[in-house]
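Each chain, letter by letter, is given below.
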Amino acid sequence: MDFKISHQKTAIRTLLKVLLMIVVIFTINSWPSIKQSLEGKTPPLEYWLDHSFKLSNILLIAGFGAYFYYKDLTDQKALIQQQKEIEQ
């Protein structure tokens, strides 16, 4: 039996995790603005963007994205290795 690593599935899973992380980071960084919006005092859009998309957040997202991709690849390789050992 031929076992292959699915890079496409790994990339899609990584993208979904990164998108979820972006939503969480944006929500955490914008929480004071979100609270003001709920009270009817909407801050300008540039204020939201200045406080949410910082270089440190972008580096954090890129770093975790790379980690998620690497982790998924190593998990797939380990699973393939286990399947090969079971077949033998």
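Rules and cut-offs
Residues numbered from 1 in each chain as written. Predicted model: local features only at pLDDT ≥ 70, side-chain atom pairs only at ≥ 80, totals over all residues. Heavy atoms only, no water. Helix = DSSP H or I, 4+ residues; strand = E, 2+ residues; numbered from the N terminus. Buried < 20%, exposed > 50% of the residue type's maximum accessible area, 1.4 Å probe, protein only. Contact = heavy atoms within 4.5 Å. Phe/Tyr/Trp six-rings, centres within 6.5 Å; stacked < 30°, edge-to-face > 60°.

## Re the environment of Trp 31
Logical step 1: Mapped onto the elements of the fold, Trp 31 is located in helix H2 (residues 31–38).
Logical step 2: Classification of Trp 31 by relative accessible area gives partly exposed; the value is 44%.
Logical step 3: When the C-alpha atoms of Trp 31 and Tyr 67 are compared, they prove to be 27 Å apart, with 36 residues separating the residues in sequence.

## Section: the side chain of Thr 14
Logical step 1: Considering the arrangement of structural elements, one finds Thr 14 in helix H1 (residues 7–29).
Logical step 2: Note on Thr 14: relative accessible area 9%, which makes it buried.
Logical step 3: Setting aside residues up to four positions removed in sequence, Thr 14 forms contacts with Gly 65, Phe 68, Tyr 69 and Asp 72.

## So, the packing of aromatic side chains
Logical step 1: Scanning all chains against the criterion turns up two aromatic pairs.
Logical step 2: With a centroid separation of 6.0 Å and an interplanar angle of 35°, the aromatic rings of Phe 64 and Phe 68 are classed as tilted. Residue Phe 64 and its partner Phe 68 are located together in helix H4 (residues 55–87), separated by four residues, close to a single helical turn.
Logical step 3: Classification of Phe 64 as partly exposed rests on a relative accessible area of 35%.

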